[in-house]
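These are the residues of each chain, in order.
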Amino acid sequence: GRIKKALSGFYYVDTGEGIVTCRARGRFRKEGVSPLVGDRVEITVSGTEGMVDAIGPRRNVFSRPAVANIDQLVIVASNAIPQTDPYLIDRMTAIAALKGCEVLICINKSDLDHADELCAIYEKAGLPFLLTSAETGDGIAELRERISGKLSAFTGNSGVGKSSLLNALLPELNPILVGAVSDNSGLGQHTTTAARLYHFPQGGDIIDSPGIREFGLWHLDPEQVTLGFIEFRKYLGGCKFRDCKHDNDPGCALREAAENGEIAEERYDNYHRILESMSQVKTRKNFFNED
Ligand code: GDP
Ligand code: ZN
């Protein structure tokens, strides 16, 4: 089954025929592994209780909140107030690609603004996007279809309509509180992040949590950012120099593709903006000697 909720050493496993409350075998603790919400697990049931025996391979792991196997990141954006900076969307699409999640860019408040320019950028990048309005219901049926059968997480800047979309998708919904997932950040601190998991009767789940909602908390690895821009990948072998920074380097295939409109200039610019923001963080870290 799949772990739907983890609380105080108990794991609530959905077997498809009901929820079984489980403990985990002691050896997980010895190996430094904890079962996570989203994990697919093998359990042994005796009476009304169960035991988690094995954890299946993970597609990905997130630390705040502690969840595994997110299939799809739904990036909620808006071109009305508050307007989403496309830089944030591009950051999230890169993270999704590197985490092995599918992505869906959900441009909400379509009743106020059609976001034609944004749509053109993501069309060109080959990234799936969808216009929705939580207000009028436009696009909600399609959104429901696109999240069925998957574990999705919603992210997006505050005020774009994430809560409204959840309500529109599941008007009768009572969230399962995944909450109080204790997360050891590795710094000796335990933070508690409440995450909610919404289950759809027709299949599919959504994780909604502060940690995922905030764009800023997501870590990106500089060496991998380039690969996170999936439409850049086919150009990477074409640069003249192997250590090409894809900036002003002579013979850069990526810059040429941006110049002649094969890739969206906005994506290319945001790619460099991401790299720049990382080098600033690095400098600050070195300054405080906390590498
Ligand atoms: P969140 O912070 O992302 O969860 O955003 P909310 O769901 O709280 O929505 C913020 C505000 O935008 C609320 O006043 C909503 O009523 C409004 N809102 C959400 N979706 C839409 C939409 O599709 N169209 C319009 N016009 N307003 C919306
Ligand atoms: Zn290059």
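To be clear, the structure that these remarks concern was listed above.
Residues numbered from 1 in each chain as written. Chains lettered and ligands numbered in written order. Predicted model: local features only at pLDDT ≥ 70, side-chain atom pairs only at ≥ 80, totals over all residues. Heavy atoms only, no water.

## Observations regarding the coordination of the zinc ion (ligand 2)
Right, so step 1: Within the protein, Cys 239 (SG), Cys 244 (SG), His 246 (ND1) and Cys 252 (SG) serve as the donor atoms for the zinc ion (ligand 2), at 2.1 to 2.4 Å.
Right, so step 2: The motif formed by the donor residues of the zinc ion (ligand 2), counted along the single chain, is C-x4-C-x1-H-x5-C. The pair His 246 / Cys 252 is uniform in exposure class, with both members buried. (Donors = N, O, S within 2.8 Å, 3.2 Å for Na, K, Ca; no water. Buried < 20%, exposed > 50% of the residue type's maximum accessible area, 1.4 Å probe, protein only.)

## Notes on the sheet that holds strand 3 (residues 19-24)
Strand pairing within a sheet occurs via backbone hydrogen bonds; the two strands may be parallel or antiparallel.
Right, so step 1: In spatial order, the strands read 1-2-3-5-4; together these 5 strands make up an open sheet with mixed pairing. Each having just a single partner strand, strand 1 (2-7) and strand 4 (41-46) make up the two edges of the open sheet. Taken over all neighbouring pairs, the strand axes of this sheet differ in orientation by 40° on average, direction set aside.
Right, so step 2: Bridge count between strand 1 and strand 2 (residues 10-14): 5 bridges; the pairing is antiparallel. (Pairing = 2+ DSSP bridges. Helix = DSSP H or I, 4+ residues; strand = E, 2+ residues; numbered from the N terminus. Axes fitted to C-alpha atoms, helices over the stretch in contact; angles between N-to-C directions.)

## Concerning the pattern of salt bridges
Right, so step 1: According to the stated counting rule, one finds 12 salt bridges in the structure shown.
Right, so step 2: Residue Lys 4 pairs with Asp 205 through a salt bridge whose shortest N-O separation is 3.6 Å. Residue Lys 4 is located in strand 1, and its partner Asp 205 is located in strand 16 (residues 205-208); the two are separated by 201 residues in the primary sequence. Grouping residues by exposure puts Lys 4 and Asp 205 together as buried.
Right, so step 3: Across the pair Asp 71 and Arg 59 runs a salt bridge, and its minimum N-O distance is 3.1 Å. One end of the pair, Asp 71, is in the loop between strand 7 (67-68) and strand 8 (72-78); the other, Arg 59, is in the loop between strand 5 (49-55) and strand 6 (61-62), with 12 residues separating them in the sequence.
Right, so step 4: Judged by relative accessible area, which is 14%, Asp 71 ranks as buried. (Salt bridge = Lys/Arg side-chain N within 4 Å of Asp/Glu carboxyl O.)

## Quick look at the site of ligand 1
Right, so step 1: Near ligand 1 you find 15 residues, and of these Asp 111, Gly 159, Lys 162, Ser 163 and Ser 164 are the closest.
Right, so step 2: Taking Ser 133, its side chain carries an N or O atom lying 3.4 Å from an oxygen atom of ligand 1.
Right, so step 3: In this structure, an oxygen atom belonging to ligand 1 sits 2.8 Å away from a main-chain N or O atom of Lys 162.
Right, so step 4: Considered on its own, ligand 1 offers 580 Å² of accessible surface; in the complex 70% of this is hidden by protein.
Right, so step 5: No other element matches helix 5 (residues 162-169), which puts 3 residues into the shell around ligand 1.
Right, so step 6: Broken down by class, the residue content of the shell around ligand 1 amounts to 3 nonpolar, 7 polar and 5 charged. (Near = heavy atom within 4 Å. Polar contact = N/O pair within 3.5 Å; in protein donor to acceptor, adjacent residues only side chain to side chain. Areas by Shrake-Rupley, 256 points an atom, 1.4 Å probe, with all protein chains shown as cover. Nonpolar A, V, L, I, M, F, W, Y, C, P; charged D, E, K, R; others polar.)

## Side note on helix 2 (residues 86-99)
Since there are 3.6 residues in each turn of an α-helix, residues three or four apart along the chain are aligned in direction.
Right, so step 1: If you check helix 2, its first and last C-alpha atoms are 20 Å apart, about what 14 residues at 1.5 Å a residue would give, namely 20 Å.
Right, so step 2: Considered for burial, the residues of helix 2 that qualify are Tyr 87, Ile 89, Asp 90, Arg 91, Met 92, Thr 93, Ala 94, Ile 95 and Ala 96.
Right, so step 3: Of the residues one or two after helix 2, Gly 100 is the one with positive phi, at around 70°. (Expected span 1.5 Å × (residues − 1).)

## What to know about the environment of Gly 261
Right, so step 1: Checked against the element boundaries, Gly 261 lands in the loop between helix 8 (253-259) and helix 9 (265-287).
Right, so step 2: Separated by 137 residues in the primary sequence, Gly 261 and Lys 124 have C-alpha atoms spaced 9.4 Å apart.

## Examining helix 4 (residues 140-147)
Right, so step 1: The set of residues buried in helix 4 consists of Ile 140, Leu 143 and Ile 147. Projected down its long axis, helix 4 shows its buried positions confined to an angular sector of 55°, all on one face. The outward face of helix 4, more than 90 degrees from its buried face, is lined by the exposed residues Ala 141 and Glu 145.
Right, so step 2: After helix 4 finishes, the residue Gly 149 shows a positive phi value of roughly 75°. (Arc of directions from axis to C-beta.)

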